[in-house]
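Residue strings, one per chain:
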Amino acid sequence: ALPAGGAFEEAITIADLETYRIKPNEIVILYLGYEPPQNDDWPEYSYLSEPAARWLAGLGVRMVATDLPSLGSLRRTAELMEKRRPPEEIWASHV
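Residues numbered from 1 in each chain as written. Predicted model: local features only at pLDDT ≥ 70, side-chain atom pairs only at ≥ 80, totals over all residues. Heavy atoms only, no water.

Undergrad: Is there a simple way to explain the confidence of the model for the protein in this structure?
TA: For the protein, per-residue confidence averages 85 on the pLDDT scale, and 88% of positions sit at 70 or higher. The least confident element of the protein, judged by mean pLDDT, is helix α4 (residues 87-90) at 82; the most confident is strand β2 (residues 27-30) at 95. (pLDDT = per-residue confidence, 0-100. Helix = DSSP H or I, 4+ residues; strand = E, 2+ residues; numbered from the N terminus.)

Undergrad: How should the packing of aromatic side chains be read in this particular structure?
TA: Ring pairs (aromatic) are described by centroid distance and by the angle formed between their planes. All told, the structure shown has 1 aromatic pair when counted by the stated rule. Considering the side-chain rings of Y34 and Y45, the 5.8 Å spacing of their centres and the 85° angle between planes classify their relative orientation as edge-to-face. Of the two residues, Y34 sits in the loop between β2 and β3 (47-48) while Y45 sits in the loop between β2 and β3, which places them 11 residues apart along the sequence. What makes Y34 buried here is its relative accessible area of 18%. The buried category is assigned to Y45, whose relative accessible area is 0%. (Phe/Tyr/Trp six-rings, centres within 6.5 Å; stacked < 30°, edge-to-face > 60°. Buried < 20%, exposed > 50% of the residue type's maximum accessible area, 1.4 Å probe, protein only.)

Undergrad: I tried to follow helix α2 (residues 50-59) on my own but got confused; where do I start?
TA: The periodicity of an α-helix, 3.6 residues per turn, causes residues three or four places apart in sequence to face the same way. Buried within α2 we find A52, A53 and L56. All buried residues of α2 lie within an arc of 100° about the axis, which places them on one face of the element. The inward-facing, buried residues of α2 abut β1 (11-12), α1 (14-18), β2, β3 and β4 (63-66). At the N-terminal boundary of α2, the capping side chain belongs to S49, with an oxygen 3.1 Å from the backbone nitrogen of A52. Backbone geometry just downstream of α2 places G60 in the positive-phi region, at approximately 85°. (Arc of directions from axis to C-beta. Contact = heavy atoms within 4.5 Å. Polar contact = N/O pair within 3.5 Å; in protein donor to acceptor, adjacent residues only side chain to side chain.)

Okay, structure coming up:
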């Protein structure tokens, strides 16, 4: 099963996705039951790992849709931008 969407910042891995027998040209919907924070905290949710994003791209899926604010971790993206990391590292899960 995929990690719970509203719990912790846990990566969705290739192993998580392999259990669903995804085929080329399919539309993948990652519905994890995301609930936005009730205050000014960063949203916490499961995010698509870079290897999992590349795996889906390699399969030739048509599209990935989700109820999450982003396929990547907003918190991690902000931290990498603050450290002035290169764009290919910051946006790795957005293959």
